[in-house]
Structure formats: structure tokens, C-alpha cells
Amino acid sequence: MDFFNQTGKLAIGSRLRMLTDKITVDAAAIYKMFGVDLKPKWFPVFFVLSRGEAKTITSIAKEIGHSHPSVSNIIKEMVAKGLVKETKDKSDGRRNMVMLSAKGKRMSDSFSEQCIDVTAAIEQITQQTRNDLWKAIEEWENLLSDKSLLERVKEAKKERESKDIKIVPYEPCYQSAFRTLNEEWITAYFRMEEADYKALDHPKEYILDKGGAILVALYKDEPVGVCALCKMDHPLYDYELAKLAVSPKIQGKGIGVLLCEAVVNKAKELGGKRLFIESNTRLKPAIHIYHKLGFKELPEYHTTYERGDIQMELIIEE
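Notes on the structure follow.

### Regarding the overall build of the protein
Helix and strand counts for the protein come out as 14 helices and nine strands. Here the protein has a C-alpha radius of gyration of 32 Å; the compact-globule value for 318 residues is 20 Å, and the former is much larger. Every one of the 318 residues in the protein was classed for burial, and the buried ones make up 36%. Long-range pairs, those at least 24 residues apart, make up 55% of the contacts in the protein with a sequence separation of at least 6. Of the roughly 20,700 Å² that the protein leaves accessible, carbon and sulfur atoms contribute 54%. Averaged over its 49 positive side-chain charges, the protein has a centre that lies 7 Å from the centre of its 48 negative ones.

As C-alpha cells, this is what we get:
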């Protein structure tokens, strides 16, 4: 079809739905041809019950992969048609058991010839195709059960957007972004402190000239994230990872993780062995990133900032 040639794989849902609609229309006509008063959507439930065993709606739903409400509605329709009957479970009076009625059993007995002919027709189609649709469907079901289409699209989106992200060394032209991005998140949760003003207003003097570094994340060449590596005068820690900030307009693209990974690599490049972080537990996305990178919470600490309520360390591997 020309439409699907134009849309490509984007319209897979629509195409499968059209194929399903075609088969469903034919299925209804096939039932009528064989004198079987059955709706196509009832078939999975009818097939399960045709094996003779009484079942609960829950067990049927689990077996055919449908929702409980969906199976419950189908059962109601089949009961109204006289094909199914419900009885109380002898061992547990709170549960209803479902089984084919006498009418349903007679229909099941006459169903065998239809099954033979339908199977033959499906086999004929399969032999005329280069691809086995049945096996392909099973493969798709298995793959989507491992990772949904939504998850896969999210990954593709992040991979595509990552090509527009660059991590670059700080330059004086980024000083305004360094201050603005940090001030934005600090004032959203806390208040600016003296140490903030010193580092953000004079990054060269308070960070770079002391042996530290600042990295900037560019998205489509616009500065959207920053992170600093501050040299520490401490007997245990070489550097502090600080001033991590990502524009809220661009969050969700993994920029925070990329920045922190780049800063850790920078520390390793400079010979650092232990990294230190002071943060606040309200900043859940940042704390998640630190844990992801291997930072461990310190049991005892002395805060530099009023807002600090958690301190962490990372031992850098050789």
C-alpha cells in the first residue's frame, strides 16, 4: 500500500490493526458458514473451556494473556448466549467457576471440521510467503516482553539527542551560564551562600587557578549544563565534585550523568584518587546520579554549606 510505503515502520500499529480487522471479518463469516454462533473475540475463552475443565476467570485471563475485566465481559456475553455456565467452587464458595454449557459442548464437538479447514488455509498462506508470520509474532512478543516499544523509543530518543550534546572545557564566555544555571537550582530549593557567590562570580580564581576544572555541556551549541571539579586541601580527598547544574528545560536527556562521568574522568586524568561530594537529599536526581557512578555516603561529616545534609565519596579505580 502506498500509504504504508510513505509512513514506513511508523504505522506498524495501524497496519497490524488493519490486518486484524480483515481476519476478524473473515472469521465471523467462517463461523457463520459452519453454523457456529460464536464471535471471534470469544474464541480464546471458548478454546480454553473446550478442554472440559472448569476454570476461574482469573486463571482463564492468565492463560490467554487477557485482562480480568476483558475475560469477565466475554464470559457474560457467552452466558447470555447459553454457551457458558457459572457455578460456585465447591472448595471455596467465594469463587465462581466457569465451564461450557451443554450447548457449548455440542458446539465444541462440531467445531473440529472448521478447525481442520481453517488450519489448512493458514498453512497454505504460510507456504506462499517468504516469512513465517506466526514465528515472527512470537519473536516480537518475546522481545517486547523483555523491553517494551516505549522503552525502546526512549532509548532511541536519548541516543539521537546525545549526538547534539558536547562536553567542553570551561571558557570565560561560559561564566554567565555557570552562574545562572547554578543560581537557578540553588534558589529554587535553598538560598545562595557566601561560598556560592565566590565560586560562581569568580570561577577562575576560586576553582581553575587552584588546580580545578569546570566542564560545560552544550546542547545544539547552547550551554545547558555545568559541573566543577574543585581541588581540595584535605588529607584524604583530592577533589570535590561541585556545582552540578542542568537547565530544567533540557533535563531528561542524561546530561547530568555525562557531565559527572566527564568530571570523574578529569579527576582521574589529574591523578585524583578520592572524590568528595556535599549535597542535599532533596536533590533526588543528583543523588541518583552520584549513586549510579559509585559514590558512597559518608557516615560522619562536617558541612560547608547550610543546605548540606549528605556527603559522599568515590574511590577512583586505577
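Picking up where we left off.
### Re unusual backbone geometry
Notably, Lys220 is not glycine yet its phi reads approximately 55 degrees, a positive angle. Mapped onto the elements of the fold, Lys220 is located in the loop between strand S4 (213-219) and strand S5 (222-231). The residue Lys243 is not glycine, and still its phi comes out positive at about 55 degrees. Residue classification places Lys243 among the buried residues on the basis of a relative accessible area of 9%.

### Examining a nonpolar patch on the surface
There is a patch of nonpolar side chains on the surface, built from Ile12, Leu16, Leu19, Ile23, Leu133, Trp134, Ile137, Trp140, Leu144, Leu149 and Val153 and spanning about 1,100 Å² of accessible area. Of all the secondary-structure elements, those providing two or more residues to the nonpolar patch are helix H2 (12-33), helix H8 (133-146) and helix H9 (149-162). Looking at where Trp140 falls in the secondary structure, it is placed in helix H8. Looking at Trp140, the relative accessible area reads 47%, which means it is partly exposed.

### Considerations on the pattern of salt bridges
All told, the structure shown has 19 salt bridges when counted by the stated rule. Close ionic contact of Glu53 with Lys55 constitutes a salt bridge, the shortest N to O distance being 3.9 Å. For Glu53, a relative accessible area of 51% gives the class exposed. One salt bridge in this structure joins Lys157 and Glu161, with 3.1 Å as the shortest N-O distance. A residue pair is termed a helical-turn pair when its members lie 3 or 4 positions apart in one helix, as Lys157 and Glu161 do in helix H9 at four residues. It is possible to trace a salt-bridge network through shared partners that takes in Arg51, Glu53, Lys55 and Glu63.

### Describing the packing of helix H4 (residues 57-64) against helix H5 (residues 68-80)
Between H4 and H5, whose axes approach to 9 Å, the crossing angle comes to 115 degrees. Judged on the interaxial angle alone, H5 and H4 are roughly perpendicular. Regarding H4 and H5, the two cross each other, and that crossing is right-handed. Across the interface between the two elements, Ile57, Thr58, Ile60, Ala61 and Ile64 from H4 touch His68, Val71, Ser72 and Ile75 from H5.

### As for the nonpolar core
In this structure, Leu229, Leu241, Ile255, Leu259, Leu275, Tyr290 and Phe295 are the most contacted members of the largest nonpolar core, which totals 34 residues. Mapped by element, the contributors of at least two residues to this core are S4, S5, strand S6 (239-246), helix H13 (255-269), strand S7 (274-279), helix H14 (284-292) and strand S9 (310-315). Per-element tally for this core: the top contributor is H13, with eight residues. Setting aside residues no more than four positions away along its own chain, Leu275 makes contact with Leu229, Tyr237, Tyr239, Val264, Ala267, Phe295, Met312, Glu313, Leu314 and Ile316. With 21 residues, the next largest nonpolar core counts Val36, Val98, Leu100 and Phe111 among its residues.

Cut-offs used in this document
- Residues numbered from 1 in each chain as written.
- Predicted model: local features only at pLDDT ≥ 70, side-chain atom pairs only at ≥ 80, totals over all residues.
- Heavy atoms only, no water.
- Helix = DSSP H or I, 4+ residues; strand = E, 2+ residues; numbered from the N terminus.
- Rg over C-alpha atoms; globule rule 2.2 N^0.38 Å.
- Buried < 20%, exposed > 50% of the residue type's maximum accessible area, 1.4 Å probe, protein only.
- Contact = heavy atoms within 4.5 Å.
- Areas by Shrake-Rupley, 256 points an atom, 1.4 Å probe, with all protein chains shown as cover.
- Lys, Arg positive; Asp, Glu negative; His and termini not counted.
- Charge placed at Lys NZ, Arg CZ, Asp CG, Glu CD.
- Patch = residues over 30% accessible without salt bridge, like charges linked within 9 Å, V, L, I, M, F, W, Y side chains within 5 Å.
- Salt bridge = Lys/Arg side-chain N within 4 Å of Asp/Glu carboxyl O.
- Axes fitted to C-alpha atoms, helices over the stretch in contact; angles between N-to-C directions.
- Parallel < 35°, antiparallel > 145°, perpendicular 65-115°, else oblique.
- Left-handed = near helix turned anticlockwise from the far one by under 90°.
- Core = buried A, V, L, I, M, F, W, Y, C linked by side-chain atoms within 4.5 Å.

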